[in-house]
Protein chains: 2
Amino acid sequence: MVEQADTLRRTPLSRDRILRAAVALANEAGIESLSMRNLAQDLGVVPMALYKHVANKDELLDGMIDVVVGEIDPLVPGADWKHMVRRRILSARQVLRRHPWAPLAIESRNMATPAILAYLDSMVGAFRAGGFSADLAHHVMHAMGSRILGFSQELFDAARRAGRSGTTVPDSPAALPPGVAARFPHLAEIATAASHDDESVVGQGCDDQFEFEFALDLLLDGIERLHQQGWTSSRRPR
Amino acid sequence: MVEQADTLRRTPLSRDRILRAAVALANEAGIESLSMRNLAQDLGVVPMALYKHVANKDELLDGMIDVVVGEIDPLVPGADWKHMVRRRILSARQVLRRHPWAPLAIESRNMATPAILAYLDSMVGAFRAGGFSADLAHHVMHAMGSRILGFSQELFDAARRAGRSGTTVPDSPAALPPGVAARFPHLAEIATAASHDDESVVGQGCDDQFEFEFALDLLLDGIERLHQQGWTSSRRPR
DNA sequence: TCCATGAGGTGTACGCCGTACACCTGAGGG
DNA sequence: CCCTCAGGTGTACGGCGTACACCTCATGGA
């Protein structure tokens, strides 16, 4: 039995093993359960052992972020910047759906990791290759903001909540408590008007994917229009 | 001297006084310095005294958020939904610039406060009054996302950083460390191409206000176009 | 006038967190 | 054969949110 325990934790610790365990823990139990102590316990090791492989918790988070960013599909070259960018952002979104804690983690760091910089750099590259001026590409990157990493940017977001408190529990359909609905009639109205293409299923929650693509296409279409007009910041509209 | 101390803290505690002190502390020292202990010390009181007026730290944050939301200008009625919405969002942005900790605080709560719900409700009302279908208004609210509260949604944001670590220190101009610039040529290019209308000041950081309005107008223009086209989710483009 | 009441401030204590620092241990090289 | 040192351990510190028992003192009914 002692030997069993020994065999179980025979696999030596390594930065990589720590990062994978940390990502798994955050996926399953939520980012708020990711403490150095919990993580060490999952790895069958004493908390301080982790510090031989990661400098501190912030660096651990950076490493986890890089793991996530590494899962995003690379840009597939193509003639059309719009499809390239759209496709990759949707891939990023899929990755974030697997790691709902990631947006919060990324936002809470105050400098980009090299992996994120590389991702952003390649996105700018796609715009430039599509004929965008550096000027326009710059503003476009700002306008996309965190959406370019697949963030949904919802104010109150079931996925975010999952990233905090553990596995996703499906939102109760169109969940506005009765008293609330009465005080905020416009919200109640659009909550029940969550139609989408399936009109029969009325009053269900929102189709996150639809909302995401709606917003993404709104931006991309607007960007395409500016690009076609030869927009520059010096002679800007209005 | 005992009397002096007594006179100083003669003002009795109250929920309102606590909230104002908390907002002030977060503004000055950053949200990470806002602990019940620090706040109590600022108020000349023992930590547990706060709990007679707020249930716990989460409720304190909710209260602080409501203070911030309360500072946003109300909707000024007008014929044009676009100007109404635009104006109010820019007001929200100004408020957030005074309280850089607020976005993080809002995102970290997992349900909207009544004040935020009221704000969102009135925004929906503006769209509806402008002739939007409930359907379109719904998707538009999702597409605006946190931008509707004035969030800039930058991935790595000087204001965010300030909200974390205290008072804003102006960003060093176009701050890309030399090694980084070499590895990410496209980022380097658009960083130096931060032109704006003042071409003489080259390589300065970004004009946050410009970037925010650029993104906001991109969205609003796209929304206006959909509205004019009588967009509905049942017969959606593509 | 007196005393019960209860709102509101206090003190202590618990379990969590990140992590500094001294220590031990065992495999690999001279 | 022993030295070294990478890597795992144990203890401890200061910070956090907050449960819980306590004290204090203004207030209002008898």
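The structure under discussion appears in the preceding block.
These lines cover the structure that appears in this document, whether it is placed above or below. Note that the structure is a prediction, hence the values are computed from the model and not measured. (Residues numbered from 1 in each chain as written. Chains lettered and ligands numbered in written order. Predicted model: local features only at pLDDT ≥ 70, side-chain atom pairs only at ≥ 80, totals over all residues. Heavy atoms only, no water.)

1. A few points about the overall build of chain A
How we decide: Comment: elements are numbered from the N terminus, with helices defined as DSSP H or I runs of at least four residues and strands as E runs of at least two. The buried label goes to any residue with under 20% of its type's maximum accessible area, the exposed label to any with over 50%, and the partly exposed label to all in between, with areas taken from a 1.4 Å probe on protein chains only. Residue contacts follow a heavy-atom distance rule, with two residues in contact if any of their heavy atoms lie within 4.5 Å. For accessible areas, the Shrake-Rupley method is used with a probe of radius 1.4 Å. Any residue's cover is judged against the shown protein chains and nothing else.
A tally of regular secondary structure across chain A gives 12 helices and 0 strands. Beginning at the N terminus, the succession of helices and strands in chain A can be written as α-α-α-α-α-α-α-α-α-α-α-α. A burial count over chain A gives 47% of its 238 residues as buried. The long-range share in chain A, meaning contacts at least 24 apart out of those at least 6 apart in sequence, stands at 69%. Carbon and sulfur atoms provide 55% of the accessible area of chain A, an area that totals close to 11400 Å².

2. Points about the protein's contact with DNA strand C
The condition is simple: Put simply, a residue is near a molecule or strand once any heavy atom of it comes within 4 Å of that molecule or strand. Polar contacts, as used here, are pairs of N or O atoms within 3.5 Å; protein pairs need one atom able to donate a hydrogen and one able to accept it. Residues neighboring in sequence count only if both atoms are side-chain atoms. As a working rule, the residues Ala, Val, Leu, Ile, Met, Phe, Trp, Tyr, Cys and Pro are called nonpolar, Asp, Glu, Lys and Arg charged, and the rest polar, with Gly in that last group.
Contacts to DNA strand C come from 18 residues, most closely from Arg 37 and Lys 57 of chain A together with Met 48, Lys 52 and His 53 of chain B. By atom count, sugar and phosphate contribute 42% of the portion of DNA strand C lying within 4 Å of the protein. Between DNA strand C and Arg 37 of chain A, the relevant distance is 2.4 Å, taken from a base nitrogen to a side-chain nitrogen or oxygen of the residue. The contact in question runs from a phosphate oxygen of DNA strand C to an N or O atom on the side chain of His 53 of chain B, over 2.8 Å. Each residue belonging to the surface near DNA strand C can be placed in one class, and the counts come to 9 nonpolar, 4 polar and 5 charged.

3. Structural notes on the protein's contact with DNA strand D
Near DNA strand D, the surroundings consist of 17 residues, among which Met 48, Lys 52 and His 53 of chain A together with Arg 37 and Lys 57 of chain B are the closest. Atoms of DNA strand D within 4 Å of the protein belong to the sugar or the phosphate in 44% of instances, the rest to bases. Separating a base oxygen of DNA strand D from a side-chain N or O atom of Lys 52 of chain A is a distance of 2.5 Å. With respect to DNA strand D, the side chain of Tyr 51 of chain B contributes an N or O atom lying 2.9 Å from a phosphate oxygen.

4. Focus: the interface of chain A and chain B
Convention followed: Here's the idea: put two parts together, see how much 1.4 Å probe accessible area each one loses, and the total over both is what we call buried area. Definition used for salt bridges: Asp or Glu carboxyl oxygen within 4 Å of a side-chain nitrogen of Lys or Arg.
The interface is formed by 71 residues belonging to chain A together with 71 residues belonging to chain B. Buried surface at the junction of chain A and chain B, both sides included, amounts to about 6200 Å², of which 63% is carbon and sulfur. Joining chain A to chain B, the criterion identifies 4 salt bridges. A salt bridge links Arg 128 of chain B to Glu 189 of chain A; the shortest N-O distance between them is 2.5 Å. Inspection of the chain A/chain B interface yields 23 residue pairs in polar contact (both at pLDDT 80 or more). Counting only elements with at least two residues in the side of chain A that touches chain B, the list comes to α5 (81–98), α6 (102–108), α7 (114–129), α8 (134–144), α9 (158–165), α10 (178–183), α11 (185–192) and α12 (208–228) of chain A.

5. Observations concerning the environment of Ala 102 of chain B
All names here are of chain B. Note on placement: Ala 102 falls in helix α6 (residues 102–108). Spatially, the C-alpha atom of Ala 102 lies 8.5 Å from that of Ile 31, the residues being 71 residues apart in sequence. Residues within four places of Ala 102 in sequence aside, it is in contact with Val 68 and Leu 96.

6. With respect to the packing of aromatic side chains
Just so we agree on the cut-off: Centres within 6.5 Å make a pair out of two Phe, Tyr or Trp rings, where for Trp the six-membered ring is used; the pair is then stacked when the planes are under 30 degrees apart, edge-to-face when over 60, and tilted otherwise.
Throughout the structure, instances matching the rule amount to 10 aromatic pairs over all chains. Judged by centre distance (5.0 Å) and plane angle (65°), the rings of Phe 214 of chain A and Trp 231 of chain B are edge-to-face. Here Phe 214 of chain A is found in helix α12, whereas its partner Trp 231 of chain B is found in the segment after α12 (208–228) on a different chain. Both residues of the pair, Phe 214 of chain A and Trp 231 of chain B, belong to the buried class. Ring pairs connect the aromatic residues Trp 81, Phe 127 and Phe 132 of chain A, which therefore count as one cluster.

7. Details of helix α8 (residues 134–144) of chain B
For α8 of chain B, the tally of buried residues reaches 11 of 11 residues, placing the bulk of the element in the interior. Those residues of α8 of chain B lying buried are Ala 134, Asp 135, Leu 136, Ala 137, His 138, His 139, Val 140, Met 141, His 142, Ala 143 and Met 144 of chain B. Elements in contact with the buried residues of α8 of chain B: α11 and α12 of chain A together with α5 (81–98), α7 (114–129) and α12 of chain B. One or two steps after α8 of chain B, the chain reaches Gly 145 of chain B, where phi turns positive at roughly 60°.

8. Quick look at α12 of chain A
All names here are of chain A. Selection criterion: In a helix, the anticipated span is given by 1.5 Å times the number of residues less one.
Along its 21 residues, α12 runs 30 Å from first to last C-alpha, staying within 8% of the 30 Å computed at 1.5 Å per residue. The opening residue of α12, the one whose side-chain oxygen lies 3.1 Å from the backbone nitrogen of Gln 209, is Asp 207. Downstream of α12 by a residue or two, Gly 230 has a phi angle that is positive, lying close to 65°.

9. Some thoughts on the relation of the copies chain A and chain B
What counts, and what does not: Overlaid copies result from least-squares superposition on C-alpha atoms, with residues included only where pLDDT is at least 70 in both.
Screw-axis analysis of chain A against chain B gives a translation of 0.0 Å along the axis, an RMSD of 0.0 Å, and a rotation angle of 180°. Here the transformation between the copies is reduced to the relation of a two-fold axis. The residues that chain A uses at the interface reappear at the interface of chain B in 100% of cases, marking a shared surface.

10. Observations regarding the packing of α5 of chain B against α7 of chain B
All names here are of chain B. Spelled out, the test is: Comment: axis = line fitted to C-alpha atoms, over the contacting stretch for helices; angle = value between 0 and 180 degrees taken between N-to-C directions. Put simply, angles under 35 degrees are roughly parallel, angles over 145 are roughly antiparallel, angles from 65 to 115 are roughly perpendicular, and the rest are oblique. With the far helix as reference, a near helix turned anticlockwise by less than a right angle produces a left-handed crossing, and one turned clockwise produces a right-handed crossing.
Running from amino to carboxyl end, α5 crosses α7 at an angle of 155°, the nearest separation of the two axes being 9 Å. It follows from the interaxial angle that α5 and α7 lie roughly antiparallel. Crossing of α5 against α7: the hand is left-handed. Between α5, through Trp 81, Met 84, Val 85, Arg 88, Ile 89 and Ala 92, and α7, the contact on the second element is made entirely by Tyr 119, Ser 122, Met 123, Ala 126 and Phe 127. Its residues assigned to classes, the contact of α5 with α7 shows 9 nonpolar, 1 polar and 1 charged.

11. As for unusual backbone geometry
A negative phi angle characterises most non-glycine residues, just as the trans form characterises most peptide bonds. Residues and elements named next belong to chain A. A positive phi is found at Gln 153, a non-glycine position, where the angle reads about 65°. Mapped onto the elements, Gln 153 comes out in the loop between α8 and α9. Assessed through its relative accessible area of 6%, Gln 153 is described here as buried.

12. Brief notes about the pattern of salt bridges
Any two side chains of opposite charge can pair, on the condition that their charged atoms come close. Under the defined criterion, the tally for this structure stands at 24 salt bridges over all chains. Across the pair Asp 16 of chain A and Arg 20 of chain A runs a salt bridge, and its minimum N-O distance is 3.0 Å. Pair noted here: Asp 16 of chain A and Arg 20 of chain A are both in helix α2 (residues 15–29), with a separation of 4 residues, about one helical turn. Given the relative accessible area of 45%, Asp 16 of chain A is considered partly exposed. Of the charged contacts, one joins Asp 217 of chain B and Arg 86 of chain B as a salt bridge, the two residues approaching to 2.7 Å between their closest N and O atoms. Of the two residues, Asp 217 of chain B is situated in helix α12 and Arg 86 of chain B in helix α5; the sequence distance between them amounts to 131 residues. Members of the salt-bridge network, linked through shared partners, are Glu 107 and Arg 160 of chain A together with Glu 107 and Arg 160 of chain B.

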